[in-house]
Amino acid sequence: MRSRKNLRRHVALASALIAGAATVAVAVTSAVTTASAAASDSYSWKNVRIDGGGFVPGIVFNQTEPNLIYARTDIGGLYRWNESGQSWVPLLDWVGYDKWGWNGVASVATDPVQTNKVYAAVGMYTNDWDPNNGAILRSSDKGTTWQATELPFKLGGNMPGRGMGERLAIDPNRNSTLYFGAPSGNGLWRSTDSGVTWAKVTAFPNAGNYVAVPGDSYQGDNQGVVWVTFDPSTGTAGNTTQTIYVGVADKNNTVYRSTNGGSTWSAVPGAPTGYIAHKGVLDHVNHYLYLATSDTGGPYDGGHGEVWRLNTATGVWTEISPVPDTSSDQYFGYSGLTIDRQHPGTIMVSTQISWWPDMITWRSTDSGATWTKIWDWTSYPNRSFRYTMDISSVPWLSLGANPSPPEVTPKLGWMNESMEIDPFNSDRMMYGTGATIYGTTNLTNWDSNTPFTIKPMVKGLEETAVLDLISPPTGTSNLISGLGDIGGFRHTNLDAVPAMMFQQPYFTSTTSLDYAELNPSYMVRAGSFTDSDRPNDSHVAFSTDGGANWFQGQEPGGVNSGGTVAAAADGSRFVWSPGDAGQQVIYSVGFGQSWQASTGVPANSVIESDRVNPQKFYAFSAGKFYVSTNGGQSFTQTAATGLPTTGNVKFKALPGVEGDIWLAGGDATSTTGLWRSTNSGASFTRVSAATAGVNVGFGKAAPGQTYPAVFAYATIDGVQGVFRSDNIGQTWVRINDDAHQYGNAAEALTGDPRIYGRVYLGTNGRGILYADRLGGTTQPPPSSSVVTSRPPTSSVVTSRPPTSSVVTSRPPTSAVVTSRPPTSSVVTSRPPTSAVVTSRPPTSSVVTSRPPTSSVVTSRPPTSAVVTTGGTGNCVATYTVTNSWQGGFQGDVTVKNNRSTASTSWSVTWTFANGQTVTQLWGGKYTQTGSAVTVTNEAWNGSLAAGASTTFGFLANWTGTNTAPTPTCTVS
């Protein structure tokens, strides 16, 4: 997140979610409490279709029931495939605000014996961002209802290493026995009663030791025990499988085995070292165990790796890497390992991460002795392809790009940890990427050199993080969305996938949207991306045709984060509060061609506009409310008191009534709730029924009413949920139910001014939901201030009853979703023109710390500023930082031969001043000793004509400070 989604924006609030969460290995089941009032106004809830939009780290096919497939996501829950609808069904929408981290699914296992049973290991972060411990969920009806056993430690469904696996596995002979590989040094765990109780396997000797970045709050965890694989041929039905393989995040001892049903364990003799086995897949017919390894836990990085085959009968290991790590053509690790169960000698493996020119997949029909490649070099920069791509169902996957060869659009993908061939159908294969699930239904065409077709297979899986929503009163679009990682969309049909995300400019994340209430075709959006990546693009953009087309304005220097922006009621001016710390609030008359500083208002205040008076704007900061009556030129603090001084606060001005404002938010450290002002913020009155609040919005007035319907995500009369009031907050009706809670929801919330009762709800990882009334009374009964909607259609049983339904604080606004390729598409160094070249270094790449704060715009390369230049008269080296994020950065170094004669080789050296470490480099060979880095040429780029240059690129980690070194170079 990093942030595309500003991971820690609300972490401080999470402490109030559920106090004192007890953790036990033995389940004590109790039914979840539901609201006590009778149903009054039933709603239907549906996703606004975007299709995908996030990382899918795991896809699991049941091995005995055709078409039973599960997909796990890192922040958006778990899904089951619906074959008849060719779509995915969400299974964890019942997860509430108090357990929001359970939408991070660390692993999933589907029972091969009793196929109605499915298990999920849930928990989003192993650090303090998630206040709760993880849990093992179990279902006996394919995920319609669930029970839960909470674990005595946290899980990391959205942590580094989440694509390895599966960590959770069921004994195929004795299906009451399950194993789970835990992170954080917690070792291997086992259940012998179908997941009800769990105990640590004390005999297992290695809890893992790989830590990506020691001391880092996000990457500093031991990635632990990462997969479990049974050999079903070593057991009989009803009896314990004897041989079990376990993968560990330990580069010296990455594979362990038990041959006595888990009683004792030892490292497998002769196993490869130097890498982590991301996948361990067993061919129990031919008695082979295959490993796909990488030098990191991924999913953002990985520069080298190997593929190995163990003959489990003889104990002989054979390296079968399609591109060995000794080759200069290897700049990636391996993952995405799968076997065709109909033809076990057929296996496939993919690059775990390969940004440029694309991911690579290899296929073997002889157990890895020989391989063919999904694409091949012809004459650089041209490639030949064994596949065609059809993204007509999700056209935005092109990202609006128009790259030059050898890149193409759409890409095959990135972060390719999970690739699975259907065990019942050799022609069907699915694989997860950072943005979608792709698949094919004619895979075996590969073997006859006939193109096979790759299409999105992601309908129903909605994984976007929603940062803002607006619903204008007129125009052809009822909804405009601001999203993390993929910018946002203009939705003209809620049930159809939009053609393209916002362009001109493209924002990594759109953080704020607004329209002019009296002239709704005038719109503004603000968004985030790293400014140095695209210094000619602005972080604010405008539309005069209801969001169909956009143009950018100017901006002050130093802006990387969008913050909040507001349009005057008539669209004549705009006020903007960029999100970078210390950025002052500014205003512009017209469409942002020039900006002036506003006075009297703190930096980084939340900004909104009055919906009637074009000269009136509002601001909120740290419990204080401000008003401007001169179009944002100056603000004055009002006398309002009692508002939240900490926590996330949202407020909105009511259409049609000047000075009518509703405010929601806060946290337990100050106060939280729902407030209303009728005097432009001079004072606020608390809505007494709401003991906690998150967000508020407005929709069309109820029949017979003139005041707009008010929607709130709040805790009202002790019940948390989405509420509607048709009588200015006097009474409220709950319009969601316990089956439709969506975890960490309501960073964005609005009604629809054209359709009474409709609400749009933004979630952090489950996309955008829209809900319409199914009927019922317009107003709730007068005897209570809260009435709930219909009873839940699915249920969950936990290992302890919830301690409270009151949630007084917020989890992180959005979680890490590293679902986008890097911002750069520049090719700065070239391979040899010979067709023998099988791979190329990425031109922009992985994140080795917290994920990048900006994402790819492949329609144009970034413009990068020179940082340092050094060298002798004969050789000049220019060191450039092309991208930077918290904990990591990307750089290029250009080497120029200044001699009057050609060179045959070159060498560049520099010394880091702040402990930076190179993690991956392409276009050269590097060594690092302490702070000293030396890079020498590859065989193909050492020869430089007089005055010619070449460029190599690299990724590196940093903490605290990232001072650019001055390089030196020599040529000979």
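Residues numbered from 1 in each chain as written. Predicted model: local features only at pLDDT ≥ 70, side-chain atom pairs only at ≥ 80, totals over all residues. Heavy atoms only, no water.

Looking at an unreviewed UniProt entry, one finds the protein chain named Cellulose binding domain-containing protein, with Luedemannella helvata as its source organism. Quoted verbatim from the Sequence similarities (unreviewed entry) heading of the UniProt record, the comment on the protein chain is "Belongs to the glycosyl hydrolase 74 family." (UniProt positions renumbered as here; feature names shortened; annotations may be inferred.)

What follows covers the sheet that holds strand S36 (residues 488-491). Strands sit in the order S34-S35-S36 across an open sheet of three strands; the sheet is antiparallel. Either end of the sheet is taken by a strand with one partner, and the two such strands are strand S34 (466-470) and S36. If you compare each strand with its neighbour and ignore which way they point, the axes differ by 15° on average. Here S34 runs beside strand S35 (residues 479-483); their pairing, made up of four bridges, is antiparallel. Looking at S35, one finds that Ile470 is bridged to Ile480. (Pairing = 2+ DSSP bridges. Helix = DSSP H or I, 4+ residues; strand = E, 2+ residues; numbered from the N terminus. Axes fitted to C-alpha atoms, helices over the stretch in contact; angles between N-to-C directions.)

If you look at the biggest cluster of nonpolar residues, it comprises 83 residues, and the most contacted ones within it are Trp88, Trp396, Met430 and Ile437. Within the second largest apolar cluster, 21 residues are counted, among which are Val893, Val895, Val908 and Phe952. (Core = buried A, V, L, I, M, F, W, Y, C linked by side-chain atoms within 4.5 Å. Buried < 20%, exposed > 50% of the residue type's maximum accessible area, 1.4 Å probe, protein only.)

Let's shift gears to the pattern of salt bridges. Pairing is possible between side chains of opposite charge, provided their charged atoms come close. Inspection of the entire model under this criterion finds 22 salt bridges. The salt bridge involving Arg766 is made with Asp93; its shortest N-O contact spans 2.7 Å. Separated by 673 residues along the polypeptide, Arg766 in the loop between strand S58 (759-763) and strand S59 (768-773) and Asp93 in the loop between strand S6 (87-90) and strand S7 (105-110) bring together distant segments of the chain. Considered together, Arg766 and Asp93 belong to a single accessibility category, that of buried residues. Taken together, the shared-partner salt bridges connect Glu83, Asp422 and Arg428 into one network. (Salt bridge = Lys/Arg side-chain N within 4 Å of Asp/Glu carboxyl O.)

So, on to the packing of aromatic side chains. Taken as a whole and assessed by the stated rule, the structure comprises 47 aromatic pairs. Seen from their ring centres, Tyr331 and Phe332 are 5.1 Å apart, and the 75° between their planes marks the pair as edge-to-face. On the basis of relative accessibility, which here comes to 4%, the residue Tyr331 falls in the buried class. Through successive ring pairs, a cluster of aromatic residues spans Tyr879, Phe889, Trp906, Trp910, Phe912, Phe952 and Phe954. (Phe/Tyr/Trp six-rings, centres within 6.5 Å; stacked < 30°, edge-to-face > 60°.)

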